[in-house]
Amino acid sequence: MTDEHTLSFILNQLGEDRDSYRGAVTPPIFETSNFAFATVAAMRAAGQDELANAFYTRGNNPTVEILRRKLAALEGTEDALVFGSGAGAIAAGVLAAVRAGDHVLCVQKPYAWTRVLVRDWLPRFGVSVSFVDGGDLAAIEAALTERTRMIVLESPNSLTMELQDLAAIAALARTRGVRTLCDNSYASPLLQRPADLGIDLVMHSATKYLNGHSDVVAGVLCGSRALIQEVFRGPFMTFGAIPGPFEAWLMLRGLRTLGVRMERVVRTTARIVEFLERHPKIARVYYPGSSGDPQRDLARTQMRSGSGMLSIEVRAEDVAGIERFCDSLKLFLMAVSWGGHESLVWPLAVVIRDGRAESNRTGLPWNLVRLSIGLEQPEELIADLEQALVQV
Ligand SMILES: *Cc1c(COP(=O)(O)O)cnc(C)c1O
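Conventions we followed
Residues numbered from 1 in each chain as written. Predicted model: local features only at pLDDT ≥ 70, side-chain atom pairs only at ≥ 80, totals over all residues. Heavy atoms only, no water. Salt bridge = Lys/Arg side-chain N within 4 Å of Asp/Glu carboxyl O. Helix = DSSP H or I, 4+ residues; strand = E, 2+ residues; numbered from the N terminus. Buried < 20%, exposed > 50% of the residue type's maximum accessible area, 1.4 Å probe, protein only. Near = heavy atom within 4 Å. Polar contact = N/O pair within 3.5 Å; in protein donor to acceptor, adjacent residues only side chain to side chain. Areas by Shrake-Rupley, 256 points an atom, 1.4 Å probe, with all protein chains shown as cover. Nonpolar A, V, L, I, M, F, W, Y, C, P; charged D, E, K, R; others polar.

### A short note on the pattern of salt bridges
In step 1: Under the criterion given, the structure shown has 18 salt bridges.
In step 2: For Glu16, the salt bridge is made with Arg256, and the minimal N-O distance between the two is 2.8 Å. Taken together, the residues span a long stretch of sequence, with Glu16 in the loop between helix H1 (7-12) and helix H2 (40-47) and Arg256 in helix H9 (residues 245-256) at a distance of 240 residues.
In step 3: For Glu16, a relative accessible area of 13% translates into the label buried.
In step 4: On the basis of relative accessible area, Arg256 is assigned to the partly exposed category, the value being 24%.
In step 5: Measuring nitrogen to oxygen at the nearest pair gives 3.1 Å for the salt bridge that ties Glu230 to Arg179. Taken as a pair, Glu230 in helix H8 (residues 225-239) and Arg179 in strand E5 (residues 179-183) lie far apart in primary sequence, 51 residues in all.
In step 6: Since its relative accessible area comes to 18%, Arg179 is described here as buried.
In step 7: Bridged by salt links that share partners, the residues Glu16, Arg18, Lys70 and Arg256 form one connected network.

See the structure below:
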């Protein structure tokens, strides 16, 4: 583990070298693909460690490097890599661990493109896959084989907010020599730090909370120096799913407010969850640690709190009722993605099933609606939900 810094130091100063930027408070965007050397010896030295040196921007870039240091410190790991998307990060993390003949274990209901990677792409290269209920430690243990190389976790998971006991799974994986990867996007490093619980690779869609402004698509992997080196020399450099220096700079700007954004979002969401749990038109609220959460104890053990992500089952008679609710919301924008400044609503089951009132392929209730809580005034968001629920 790295030295622990205060959150304020990480977000405002770590990795930044203001003397070399002539005192500029904001670091420069090193918008360059290439770096030049005065001597053959200097070029040779830099090229021997492309992760540590500015040599070519597919490998390293000074603006991206500032971001890597901050992200590693946020997750409490030795190093981090930044990718052009969360999907790029998870693909690199998984592919670095496996070869033909190996086996991967994955939680039952991961993010849709994680499922596609694991279910459809790994078998093309001779890697077998099992999906398990991540809440069932015995099922995970039973599904491990001699050839299992990786366990892919996502806690809380997409849409239904199911948790996995990260410390217990990490401990089990260690005894079997299996690498663990956890998608920590839904929690953010401020609410949950999987590496502290023994997880090997912590992944983020930085598109979401880390950037927080809905203007960048990016991904992150955090881990030990040795693991990050392995991913860097393999999939990172080979597949080249990198962010541009400008996107990295936007992310540095987004991170400045991570502390205040998460504090605000958590407080607002607690009020909204309380409002929804008491509302007669709401059949169920999915939110880690809430009074109705069956995994409440685990949530309280491994997370500081839930984030701004929740799902609700709306007590509608039919799909039209769900549609009226969503169409009536004024402050909540209707969109996918999440974790930005703006509150969002996504009637996923209805959209995916093209309006048919039945469980979709992933086994989700037809009346499930996902909300992402943003930075608006809490009472204005509650008033918006209240008037829209009248329309159900
Ligand atoms: C959005 C998302 C991803 C994918 O990230 P992109 O930045 O869109 O590639 C992965 N995991 C979760 C949980 C997500 O919500």
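Here the narrative resumes.
### Some thoughts on the site of the ligand
In step 1: Around the ligand sit 14 residues in total, of which Ala87, Asp183, Ser205, Thr207 and Lys208 are the nearest.
In step 2: With respect to the ligand, the backbone of Gly86 contributes an N or O atom lying 2.9 Å from an oxygen atom.
In step 3: Here Asp183 contributes a side-chain N or O atom positioned 2.6 Å from a nitrogen atom of the ligand.
In step 4: Taking 380 Å² as the accessible area of the ligand by itself, protein coverage stands at 90%.
In step 5: Only helix H4 (86-95) and strand E6 (201-205) provide two or more residues apiece to the shell around the ligand.
In step 6: Each residue belonging to the shell around the ligand can be placed in one class, and the counts come to seven nonpolar, five polar and two charged.

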